[in-house]
Amino acid sequence: AQKITQTQPGMFVQEKEAVTLDCTYDTSDQSYGLFWYKQPSSGEMIFLIYQGSYDEQNATEGRYSLNFQKARKSANLVISASQLGDSAMYFCAMREGVYTGRRALTFGSGTRLQVQP
Amino acid sequence: EAQVTQNPRYLITVTGKKLTVTCSQNMNHEYMSWYRQDPGLGLRQIYYSMNVEVTDKGDVPEGYKVSRKEKRNFPLILESPSPNQTSLYFCASSLTSGSADTQYFGPGTRLTVL
């Protein structure tokens, strides 16, 4: 089974509008971290936001917020007031705790967001 | 500036010619890792290191070697590159191997093996 599922291969949003990128995850660990990364066309991987499994509040970082619903195992990224520079590929990723000794990030397949003027 | 650096950023080489991709971080991170990114396959971990002299295989280690002689450096070695190792490679580091620690990525190395 996929550990991280991003069901939206591509999304369009108008400039200045908000957009939600979906992410569901699967783990049997109690302790895990959820991350969102942005990959622009230039290729680098930019960290955006983190949510811990024990965090009761949803994480926020500037225009980015994470809608964390633990019971539903979802961790959706919300970008408010979209800008043209937000056009990029967005990856949801998970870092598990106890059972995965490698401590690797497991990535979803990504969502390509295009912001239209 | 806190960062992960990789060199070279772009490399075109031929089958069988040994190469090394360097990775360095200035954040005193214990954990370092190499990933490769391929269309349709996403990002997959190649090797990782929990600390100096402690390395282990990830999901796709075949054809690669690593070493961690110093805390800041984690080079990726391709002893005999083949065309199926053409990929975008990322080095990443985090403070520790804990699930709460963010992995910060280098700018990537685009490798083409002819």
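See the structure printed just above.
Let me begin by describing the structure that accompanies this report. (Residues numbered from 1 in each chain as written. Chains lettered and ligands numbered in written order. Predicted model: local features only at pLDDT ≥ 70, side-chain atom pairs only at ≥ 80, totals over all residues. Heavy atoms only, no water.)

Points about the overall build of chain A
Thinking step 1. Each helix and strand in chain A was counted, giving 0 helices and 12 strands.
Thinking step 2. Secondary structure elements in chain A, listed N-terminal to C-terminal, are β-β-β-β-β-β-β-β-β-β-β-β.
Thinking step 3. The globule rule puts the C-alpha radius of gyration for 117 residues at 13 Å, and the 14 Å found for chain A is close to it.
Thinking step 4. Its C-alpha atoms give chain A principal-axis dimensions of roughly 45 × 30 × 20 Å.
Thinking step 5. Taking as baseline every contact in chain A between residues at least 6 positions apart, the subset at least 24 positions apart corresponds to 55%.
Thinking step 6. Taken as a whole, chain A presents about 5,600 Å² of accessible surface, with 47% of it coming from carbon and sulfur. (Helix = DSSP H or I, 4+ residues; strand = E, 2+ residues; numbered from the N terminus. Rg over C-alpha atoms; globule rule 2.2 N^0.38 Å. Contact = heavy atoms within 4.5 Å. Areas by Shrake-Rupley, 256 points an atom, 1.4 Å probe, with all protein chains shown as cover.)

A short note on the overall build of chain B
Thinking step 1. Looking only at helices and strands, chain B has 0 helices and 11 strands in total.
Thinking step 2. When the helices and strands of chain B are read in sequence order from the N terminus, they spell out β-β-β-β-β-β-β-β-β-β-β.
Thinking step 3. Each principal axis of the C-alpha atoms in chain B carries an extent, and together these give about 40 × 30 × 25 Å.
Thinking step 4. Residues classed as buried in chain B amount to 50% of the 114 residues present.
Thinking step 5. Taking as baseline every contact in chain B between residues at least 6 positions apart, the subset at least 24 positions apart corresponds to 54%.
Thinking step 6. For chain B, the accessible area works out to roughly 5,300 Å², and carbon and sulfur atoms hold 51% of it.
Thinking step 7. Averaging the coordinates of the 12 positive side-chain charges in chain B and doing the same for the 10 negative ones gives two points 7 Å apart. (Buried < 20%, exposed > 50% of the residue type's maximum accessible area, 1.4 Å probe, protein only. Lys, Arg positive; Asp, Glu negative; His and termini not counted. Charge placed at Lys NZ, Arg CZ, Asp CG, Glu CD.)

Focus on the sheet that holds strand β8 (residues 76-78) of chain B
All names here are of chain B.
Thinking step 1. Spatially, the 4 strands line up as an open sheet ordered β1-β3-β8-β7, and their pairing is antiparallel. The open sheet is flanked by β1 (4-7) and β7 (65-66), the only strands paired with a single partner.
Thinking step 2. Here β7 runs beside β8; their pairing, made up of 2 bridges, is antiparallel. For Lys-65, the partnering residue across the bridge sits in β8 and is Ile-77. (Pairing = 2+ DSSP bridges.)

Concerning the nonpolar core
What tends to happen in soluble globular proteins is that the nonpolar side chains get buried as a cluster.
Thinking step 1. Counting residues in hydrophobic clusters, the biggest one holds 25 residues, and the most contacted among them are Tyr25(A), Trp36(A), Ile49(A), Leu77(A), Tyr90(A) and Leu113(A).
Thinking step 2. Those elements that place two or more of their residues in this core are β2 (10-14), β3 (19-21), β5 (32-39), β6 (46-52), β8 (64-69), β9 (74-79), β10 (88-96) and β12 (111-116) of chain A.
Thinking step 3. When residues of this core are assigned to their parent elements, the largest contribution, 4 residues, is made by β10(A).
Thinking step 4. Excluding anything up to four places from it in sequence, Leu77(A) contacts Val19(A), Thr20(A), Leu21(A), Trp36(A), Leu48(A), Ile49(A), Tyr64(A), Ser65(A) and Tyr90(A).
Thinking step 5. Among the nonpolar cores identified, the runner-up in size contains 19 residues, and Leu19(B), Tyr47(B), Val66(B) and Cys91(B) belong to it. (Core = buried A, V, L, I, M, F, W, Y, C linked by side-chain atoms within 4.5 Å.)

So, the environment of Ser33(B)
All names here are of chain B.
Thinking step 1. Relative to the helices and strands, Ser-33 is located in strand β4 (residues 31-38).
Thinking step 2. On a C-alpha basis, the gap between Ser-33 and Leu-76 in space is 9.7 Å, while along the polypeptide they are 43 residues apart.
Thinking step 3. Ser-33 has contacts with Gln-45, Tyr-47, Tyr-48, Phe-74, Phe-90, Cys-91, Ala-92 and Gln-103, leaving out every residue within four places of it along the chain.
Thinking step 4. A polar contact is formed between the side chain of Ser-33 and the backbone oxygen of Tyr-47, at a distance of 3.4 Å. (Polar contact = N/O pair within 3.5 Å; in protein donor to acceptor, adjacent residues only side chain to side chain.)

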